[in-house]
Protein chains: 2
Amino acid sequence: MTISSFFIKASRAFQGYPVAPKLLLLGTISSGGLVAYAESQSDAGPPPIDSNQNEVRKKKVVVLGTGWGGTSFLKHLDASQYDVQVVSPRNYFAFTPLLPSVTCGTVEARSIVEPVRNIIKKRRGEIKYFEAECVKIDAANKNVFVRANTDTTLVGNPEFSLEYDYLVIALGAQVNTFNTPGVEENCHFLKEVEDAQKIRRSVIDCFETAVLPDLSEEERRRNLHFVIVGGGPTGVEFAAELHDYFQEDLVKLYPMVKDLVKITVIQSGDHILNMFDERISTFAETKFKRDGIDVQTGCRVVSVSDKEIKVKVKSKGEVCSVPHGLVVWSTGVGTRPVVRDFMEQIGQANRRVLETNEWLRVKGCEDVYAIGDCATINQRKIMEDVLAIFAAADVDNSGTLTIDEFRDVVDDIIIRYPQVEHYLKSNHLQDVTNLLKDSKGNDRKEVNFEEFKLALSLVDSQRKSLPATAQVAAQQGTYLSKCFNRREQCEANPEGPRRFRGSGQHHFNPFRYKHFGQFAPLGGEEAAAELPGDWVSMGHSTQWLWYSVYASKQVSWRTRVLVVSDWTRRFIFGRDSSRI
Amino acid sequence: MTISSFFIKASRAFQGYPVAPKLLLLGTISSGGLVAYAESQSDAGPPPIDSNQNEVRKKKVVVLGTGWGGTSFLKHLDASQYDVQVVSPRNYFAFTPLLPSVTCGTVEARSIVEPVRNIIKKRRGEIKYFEAECVKIDAANKNVFVRANTDTTLVGNPEFSLEYDYLVIALGAQVNTFNTPGVEENCHFLKEVEDAQKIRRSVIDCFETAVLPDLSEEERRRNLHFVIVGGGPTGVEFAAELHDYFQEDLVKLYPMVKDLVKITVIQSGDHILNMFDERISTFAETKFKRDGIDVQTGCRVVSVSDKEIKVKVKSKGEVCSVPHGLVVWSTGVGTRPVVRDFMEQIGQANRRVLETNEWLRVKGCEDVYAIGDCATINQRKIMEDVLAIFAAADVDNSGTLTIDEFRDVVDDIIIRYPQVEHYLKSNHLQDVTNLLKDSKGNDRKEVNFEEFKLALSLVDSQRKSLPATAQVAAQQGTYLSKCFNRREQCEANPEGPRRFRGSGQHHFNPFRYKHFGQFAPLGGEEAAAELPGDWVSMGHSTQWLWYSVYASKQVSWRTRVLVVSDWTRRFIFGRDSSRI
């Protein structure tokens, strides 16, 4: 009993979860909304959900999706200010960068997921979550149509709609098959937790089938040929994980087929990891070569059948056929149908993903925001506003801009047009006024409009679109929640940069992405990383850095402890090969 | 790096797994069989599986099933003496007594499974495992027909047959629906790991559906009504787990429906846990009543539909209809089709399970053994042999048996007919010679045949059939493996009791079950237990005993560590409610 009470105490201290009465109390104080709950429950009266409150109506925020964007939005939102409803077909947040580890059991699926309800119950105020999928966004009527993702034998109308005042679209992306025939039917993907679990079972399936009696060696080889299409971080990490899984664990259990296993990475570009620094690509390719992982660059997959994959070698133009046991398709991201439909409604039909402005508001649509992989920021060109900027800066209307006049607006320019900073950096210009130097590098006291325009003419080449990563989505979610939290305050006292077209200030500073680097684990306790400041790090120590960063980035203490204990378990006992 | 090498060292010390070269060496020394492997692999020659060996042909043992019986057989078998092949559709052993814990995430599914290949690779000699299902046993030709349980897209002939010299049937049992309409389609079962995982998802599904908007209170109640059919240990433990899951975890996440949840246990008998001591039944019923778990005794389920379950109250004869969100069917065990087919072949068609003799050999069939839930031992009646016993004991052919003559055979009698010992115990007889006392309790110097027969006439009433538990199956597996290990030795020097019919001795002592007690966890950190010596223990301390026993009984150090860390994780962080 002493041990048990220790645990219970430890549990409370650790979790910091409010127990139910505290939750009610908190709810009562912060919004009053939960009072209705508590009462209607105690007398088992009418259903406590959807209780109308008589207080001042809060703005309704509907959040679609509980991935990186949606979750980080919810984690930082002051939910007491809004009536928040969250819709997602998965009632958990998944730490997707560890999905490749889940495919081989280095980390368990449960260790990288955290229930959405656990996350939202810690927020101030009340957030309603519905396990359902958004099937249509009706921007004209500010409505979303939703279909519940639950077992059909249960009762209740699975389709309903939700009204919103503000909509946050964080639906992520889906796999992009580039319409390659057979991919949908015959390939594994690596977007969801279920995908990773399925791959794990299938890998064991390949081994169990390969060791059945009466197979020819060719058949065994075929079953043990693992093909990864796409040499990006996910594909490469999966290949590395699979190689480790085989070398460290499976070889002991299936020694009879140890020489028949083959892993192939098919990459359309000339190098794998080509979004990384060249040194990392080379390092990865060398390591894979040493490990016996076959990297086929410059190859495009033409079609996939259940037993073969047809590949076109770009340089030769030949199509060759490769037998396989398992194919994992990991190339780029595509638009979800519901987002595509919404884009057609708002005149973005010809775009690849939803276009937002620098404040993450969807263009062509009021009160709708989009974050994460389903959206991209269209960074405004400074050239479009150059006349307005000049006019605003030229306070004495002299037709020329002095250094001092320029200095007065430069902060606003840099905030509004981040490409200016990138441009300065890439041209090694220490001070922003260097922009106004003449073509020979001599200081100028003042510039006229044409000279000003010329000085800024190359700046827009530094506009960058952000990668479809967890890091971007998470930062966008946090940024957006902070805007929501301070909406009224900033409407009264805007804190953004000056509006060069129009008057006054923007309410908020635009979103700015801060890149903290990116990892590529390469197996065998080695990793490569691109760190901030264009640093590159490779090898065993980088893998340990990877462990620390990934442990620290977990969404809760629970998942952090689980992930670390999974790693430890793997070191001690190896990976499990049960096919469940 | 230091940490990494520590882990690697720790890993080796802990696992005691031989690394690959050691395994090869071991294999080489012990059987020579693996030499062929190593060589054929190094030159990548013909498929290394099914290599014929030129040495003296070993007897082929085929083991069907890797549950408690099959696994404990394999764990103790000296595989160097036989050519062992194992067939099971699941490539892992599951610690089934923890399945109810898996349904609610108290323990993770992976923590209670151990790959068969991990278990068999530690044995001396080589054991082949095939992930396949036995579809037919052909006893006449000593053949089993097998179908691989693998993905259909992989190549290879999924159907093949295996010859045997000895067959060990350890196929377990399947759920018994008693042909109740709708059970197969609409109920969950709790026999396999997949069943437990499915229940876990479905429970969350019920909650997520119940909190969707636009449901009436009645619909919410219906979705949150959990029905358990069967008041045996599994059903009761599941009910208790579910209640804890709700009270300790889900109530915090779904506070809006906390008064709508209901758990009902339907039991056809008059009490739940009726195979236990009456005190335990009462304790369990009282605890369930206090917890608000509805126990409906004396009720028989007539049919189950997707939304309702029809129950006949035996005392009133009424049939009432109960709406439900989820039904778990947990009543008794039935025969698997392949076993049923085999029973028909060997003239056991009218029996419920396979009948074996006391040495676990299937009756009516040479060289086939059956253990675990698919079999039952038909304990020979002493009355059938009483004449032979008397004749054998009466060495001087005097027609009477003296105390000394009786003493000479009594050990063999007690070993051959365990009911004698049960009879002595239940009649509180200290010494076996007490059996020969006359009806008034006076010692007799000698008894004639009729007096001897009368003295033993009630003994057979103490024949007991063993329960279908993990404990029985495991003991049978261990016993059988020891017989297999010492087959030649014991054929030369039999160690069993005297054959009263015929001459000489039995090769082995018959199987004898030793009951170590049984637990019934009741939730809220309380459990009940029946311990050896008719002791009964109930309450919190019994739960801690349960923890210790279940931790110690794990099949490997890996699962032991995982189970204990799962329990700890649950104490600290609660159970996960992600629907994956």
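Residues numbered from 1 in each chain as written. Chains lettered and ligands numbered in written order. Predicted model: local features only at pLDDT ≥ 70, side-chain atom pairs only at ≥ 80, totals over all residues. Heavy atoms only, no water.

Student: Any chance you could explain the overall build of chain A here in plain terms?
Tutor: When helices and strands are counted, chain A shows 20 helices and 25 strands. Here chain A has a C-alpha radius of gyration of 27 Å; the compact-globule value for 580 residues is 25 Å, and the two agree. Seen through its principal axes, chain A has C-alpha atoms that stretch 90 × 80 × 50 Å. Taken over 580 residues, chain A has a buried fraction of 56%. Put simply, 63% of the contacts in chain A that link residues at least 6 apart link residues at least 24 apart. (Helix = DSSP H or I, 4+ residues; strand = E, 2+ residues; numbered from the N terminus. Rg over C-alpha atoms; globule rule 2.2 N^0.38 Å. Buried < 20%, exposed > 50% of the residue type's maximum accessible area, 1.4 Å probe, protein only. Contact = heavy atoms within 4.5 Å.)

Student: Is there a simple way to explain the side chain of arginine 200 of chain B in this structure?
Tutor: Looking at where arginine 200 of chain B falls in the secondary structure, it is placed in helix α8 (residues 193-210). A polar contact of 3.4 Å, which involves the side chain of arginine 200 of chain B, links it to the backbone oxygen of aspartate 576 of chain B. Setting aside its immediate chain neighbours within four residues, arginine 200 of chain B contacts Arg110 of chain A together with Val102, Thr103, Cys104, Gly105, Glu108 and Asp576 of chain B. (Polar contact = N/O pair within 3.5 Å; in protein donor to acceptor, adjacent residues only side chain to side chain.)

Student: It is not clear to me how the packing of helix α4 (residues 68-76) of chain B against helix α17 (residues 470-485) of chain B should be interpreted in this structure. Could you clarify?
Tutor: Helix packing geometry: the angle between the two helix axes and the distance between the axes. All names here are of chain B. One can describe the packing of α4 onto α17 by two numbers: an axis separation of 7 Å at closest approach and a directional angle of 35°. By crossing handedness, the relation of α4 to α17 is classed as right-handed. Contacts between α4 and α17 involve Trp68, Gly69, Ser72, Phe73 and His76 from the first element and Ala470, Ala473, Ala474, Gly477, Thr478, Leu480, Ser481, Phe484 and Asn485 from the second. Within the contact of α4 with α17, the residues separate by chemical class into seven nonpolar, seven polar and no charged. (Axes fitted to C-alpha atoms, helices over the stretch in contact; angles between N-to-C directions. Left-handed = near helix turned anticlockwise from the far one by under 90°. Nonpolar A, V, L, I, M, F, W, Y, C, P; charged D, E, K, R; others polar.)

Student: What is the right way to look at the packing of helix α19 (residues 540-552) of chain B against helix α20 (residues 557-573) of chain B in this model?
Tutor: All names here are of chain B. It is at 8 Å that the axes of α19 and α20 come closest, and there the two elements cross at 150°. Taking contact as the criterion, the partners of Trp544, Trp546, Tyr547, Tyr550, Ala551 and Ser552 in α19 are, on α20, Arg560, Val564, Trp567, Arg570 and Phe571. Looking at the contact of α19 with α20, its residues break down into eight nonpolar, one polar and two charged.

Student: Is there a simple way to think about a positive patch on the surface in this case?
Tutor: A surface patch of positive charge is lined by Lys198 and Arg201 of chain A together with Lys198 and Arg201 of chain B. Those elements that place two or more of their residues in the positive patch are α8 (193-210) of chain A together with α8 of chain B. (Patch = residues over 30% accessible without salt bridge, like charges linked within 9 Å, V, L, I, M, F, W, Y side chains within 5 Å. Areas by Shrake-Rupley, 256 points an atom, 1.4 Å probe, with all protein chains shown as cover. Salt bridge = Lys/Arg side-chain N within 4 Å of Asp/Glu carboxyl O. Lys, Arg positive; Asp, Glu negative; His and termini not counted. Charge placed at Lys NZ, Arg CZ, Asp CG, Glu CD.)

Student: Would you mind showing me how to read the packing of aromatic side chains here?
Tutor: Given two aromatic rings, their pairing is described by the distance between the two centres and the angle made by the two planes. In the structure shown here, the tally under the stated rule is 50 aromatic pairs over all chains. Relative to tyrosine 547 of chain A, the ring of tryptophan 546 of chain A has its centre 5.4 Å away and its plane inclined at 70°; by these criteria the two rings are edge-to-face. Relative accessible area serves as the criterion here: at 8%, tyrosine 547 of chain A is assigned to the buried category. Taking 5.4 Å as the distance between ring centres and 70° as the angle between the ring planes, the aromatic pair formed by tyrosine 369 of chain B and phenylalanine 484 of chain B counts as edge-to-face. In this pair, tyrosine 369 of chain B sits in strand β19 (residues 368-370) while phenylalanine 484 of chain B sits in helix α17, placing the two residues 115 residues apart along the sequence. Across the pair, exposure class does not vary: tyrosine 369 of chain B and phenylalanine 484 of chain B are buried alike. Grouping aromatic residues by their ring pairs yields a cluster made of Trp68, Phe93, Phe95, Phe519, Trp544, Trp546, Tyr547, Tyr550, Trp567 and Phe571 of chain A. The side chain of arginine 560 of chain A reaches across the aromatic face of tryptophan 557 of chain A, ending 4.8 Å from its centre. The ring of tyrosine 166 of chain B carries arginine 487 of chain B above its face, with NZ or CZ at 3.9 Å from the centroid. (Phe/Tyr/Trp six-rings, centres within 6.5 Å; stacked < 30°, edge-to-face > 60°. Lys NZ or Arg CZ within 6 Å of the ring centre and 35° of its normal.)

Student: Looking at this structure, how should I read the pattern of salt bridges?
Tutor: If charged atoms from side chains of opposite charge come close, those side chains can pair. The tally for this structure, following the rule as stated, stands at 80 salt bridges over all chains. Residue glutamate 159 of chain A pairs with arginine 147 of chain A through a salt bridge whose shortest N-O separation is 2.9 Å. Note that glutamate 159 of chain A is positioned in strand β7 (residues 159-163) and arginine 147 of chain A in strand β6 (residues 143-148), a separation of 12 residues in sequence. Where glutamate 192 of chain B meets arginine 90 of chain B, a salt bridge forms, and the shortest distance between an N and an O atom there is 3.4 Å. Linking glutamate 192 of chain B in the loop between α7 (183-186) and α8 with arginine 90 of chain B in the loop between β2 (82-88) and β3 (92-94), this pair joins segments that are 102 residues apart in sequence. The class for arginine 90 of chain B is partly exposed, based on a relative accessible area of 26%.

Student: What am I meant to see in the sheet that holds β7 of chain A here?
Tutor: Within a sheet, each strand pairs with its neighbour through backbone hydrogen bonds, oriented either parallel or antiparallel. Residue and element names in this part refer to chain A. Taken in spatial order, the seven strands of this open sheet run β7-β6-β5-β2-β1-β8-β19, and their pairing is mixed. Sheet topology places β7 and β19 (368-370) at the edges, where each strand pairs with a single neighbour. Taken pair by pair, the neighbouring strands of this sheet meet at an average axis angle of 35°, ignoring direction. Across three bridges, the pairing between strand β8 (residues 166-169) and β19 is parallel. The residue of β19 that forms the bridge with valine 168 is tyrosine 369. (Pairing = 2+ DSSP bridges.)

Student: Just to check I follow, could you spell out the pairing of strand β16 (residues 326-329) of chain B for this structure?
Tutor: Where a strand is regular, its side chains alternate between the two sheet faces. Residue and element names in this part refer to chain B. The alternating pattern of β16 places Leu326 and Val328 and Val327 and Trp329 on opposite faces, both of which are buried. Here strand β10 (residues 225-229) pairs with β16 via four bridges, running parallel. Residue isoleucine 228 lies in a different strand from β16, and its bridge partner there is valine 328.

Student: Looking at this model, I keep getting lost on unusual backbone geometry. Mind explaining?
Tutor: Trans peptide bonds make up the majority, and among non-glycine residues the majority have a negative phi. Residues and elements named next belong to chain A. Residues other than glycine seldom take positive phi values, yet lysine 142 does so here, at roughly 50°. Topologically, lysine 142 is positioned in the loop between β5 (127-138) and β6. In this structure, aspartate 367 takes a positive phi of about 60° despite not being glycine. Relative to the assigned elements, aspartate 367 resides in the loop between β18 (354-356) and β19.

Student: Explain the sheet that holds strand β14 (residues 308-313) of chain B here, please?
Tutor: All names here are of chain B. If you walk across this open sheet you meet the three strands as β13-β14-β15, and the pairing is antiparallel. The strands lining the two open edges of the sheet, one partner per strand, are β13 (299-304) and β15 (319-323). Averaged over all pairs of adjacent strands, the angle between their axes in this sheet comes to 30°, without regard to strand direction. Taken together, the five bridges between β14 and β15 define a ladder with antiparallel strand orientation.

Student: Before we go on, may I ask you to explain the environment of aspartate 138 of chain B in this structure?
Tutor: Residues and elements named next belong to chain B. Looking at the element boundaries, aspartate 138 is found in strand β5 (residues 127-138). Sequence separation of aspartate 138 and phenylalanine 342 is 204 residues, and the distance between their C-alpha atoms is 7.6 Å. Leave out the neighbours within four places in its chain, and aspartate 138 touches Asn143, Phe145, Tyr164 and Gln345. There is a polar contact of 2.7 Å between the side chain of aspartate 138 and the side chain of asparagine 141.

Student: Looking at this structure, I do not really get helix α11 (residues 278-291) of chain A. What am I missing?
Tutor: Owing to its 3.6 residues per turn, the α-helix brings residues three or four apart onto one side. All names here are of chain A. The terminal C-alpha atoms of α11, which comprises 14 residues, lie 20 Å apart, in line with the 20 Å expected from a rise of 1.5 Å per residue. Among the residues of α11, those classed as buried are Ile280, Ser281, Ala284, Lys287 and Phe288. The buried residues of α11 all sit within an arc of 135° when viewed along its axis, so they share a single face. Residues of α11 that are exposed and point over 90 degrees away from its buried face: Glu278, Lys289 and Arg290. Residues of α11 that are buried sit in contact with α10 (233-253), β11 (262-266), β12 (294-296), β23 (518-523), β24 (526-531) and β25 (535-539). Capping the start of α11 is the job of one residue whose side-chain oxygen sits 2.9 Å from the backbone nitrogen of arginine 279: aspartate 277. Just downstream of α11, glycine 292 is the residue with a positive phi angle, here 85°. (Expected span 1.5 Å × (residues − 1). Arc of directions from axis to C-beta.)

Student: When you look at the environment of serine 481 of chain B in this model, what are you seeing that I'm missing?
Tutor: All names here are of chain B. Looking at the element boundaries, serine 481 is found in helix α17. Overall, the relative accessible area of 0% leaves serine 481 in the buried class. For the pair serine 481 and lysine 453, spaced 28 residues apart in sequence, the C-alpha to C-alpha distance is 36 Å. Beyond its immediate chain neighbours, meaning those up to four positions away, serine 481 contacts Ser72, Phe73, His76 and Leu77. A polar contact of 2.7 Å, which involves the side chain of serine 481, links it to the backbone oxygen of threonine 478.

Student: So what exactly am I meant to see when it comes to helix α14 (residues 403-416) of chain A here?
Tutor: All names here are of chain A. The end-to-end C-alpha distance of α14 is 19 Å, a good match for the 20 Å that 14 residues give at a rise of 1.5 Å each. Where α14 bends most, the angle comes to about 45°, and this point is valine 409. Buried within α14 we find Glu405, Phe406, Val409, Val410, Asp412, Ile413, Ile414 and Arg416. (Bend = angle between axes of the 7 residues up to and from the residue.)

Student: Looking at this structure, how should I read the state of the cysteines?
Tutor: As used in these notes, a disulfide is a covalent bond between sulfur atoms, one from each of two cysteines. Summed over the entire model, instances satisfying the criterion amount to zero disulfides over all chains. No disulfide involves cysteine 374 of chain A; its sulfur sits 11 Å from that of cysteine 134 of chain A, the nearest cysteine. With no disulfide of its own, cysteine 490 of chain B lies 7.6 Å from the sulfur of cysteine 483 of chain B, the closest cysteine sulfur. Accessibility expressed as a relative area gives 1% for cysteine 490 of chain B, which makes it buried. (Disulfide = S-S within 2.5 Å.)

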